[in-house]
Amino acid sequence: MGGPASYSNEQLRDLHARLNIDQAAFDEMTALLEETLEDFEFAREDVDQIVGAVKSRRVHIVSDRSS
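As the structure is a prediction and not an experimental result, all values here were calculated from the model. (Residues numbered from 1 in each chain as written. Predicted model: local features only at pLDDT ≥ 70, side-chain atom pairs only at ≥ 80, totals over all residues. Heavy atoms only, no water.)

Colleague: Please set out the packing of helix H2 (residues 23-39) against helix H3 (residues 44-55) residue by residue, giving values where relevant.
Modeller: Packed helices, taken two at a time, are described by their axes: the angle between them and the distance between them. Across the interface, H2 lies against H3 with an axial gap of 10 Å and an inter-helix angle of 160°. As far as their axial angle goes, H3 and H2 are roughly antiparallel. Crossing handedness for the pair H2 and H3: right-handed. Contacts from Phe-26, Met-29, Thr-30, Leu-33, Glu-34, Leu-37 and Glu-38 of H2 reach H3 at Arg-44, Val-47, Ile-50, Val-51, Val-54 and Lys-55. (Axes fitted to C-alpha atoms, helices over the stretch in contact; angles between N-to-C directions. Helix = DSSP H or I, 4+ residues; strand = E, 2+ residues; numbered from the N terminus. Parallel < 35°, antiparallel > 145°, perpendicular 65-115°, else oblique. Left-handed = near helix turned anticlockwise from the far one by under 90°. Contact = heavy atoms within 4.5 Å.)

Here's what the structure looks like:
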């Protein structure tokens, strides 16, 4: 996604493990992210790319590994 910071999948797992993020919370967060980007009039293709990138790392963020 660019930017000055990047995190490996292992780092994401380690950083989020203690937060016990479930599927519903992850879905709510990604919906809020998408809505916020739209509110700030990001181009649709940018919104799709950003939200898609976050969703693609769900398995490394969500504690409930049933996804």
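Colleague: Break down the side chain of Arg-58 for me, with residues and values.
Modeller: Here Arg-58 shows up in helix H4 (residues 58-61). Polar side-chain contacts of Arg-58 include one of 2.6 Å to the side chain of Asp-27. (Polar contact = N/O pair within 3.5 Å; in protein donor to acceptor, adjacent residues only side chain to side chain.)

Colleague: Quick rundown of the pattern of salt bridges? Include the residues and the values.
Modeller: Counting across every chain of the model gives four salt bridges. Here Arg-44 makes a salt bridge to Asp-48, at a shortest N to O gap of 2.8 Å. In this pair, Arg-44 and Asp-48 both sit in helix H3, four residues apart, roughly one turn of the helix. Put simply, Glu-34, Glu-38, Arg-44 and Asp-48 are held in one network by salt bridges that share partners. (Salt bridge = Lys/Arg side-chain N within 4 Å of Asp/Glu carboxyl O.)

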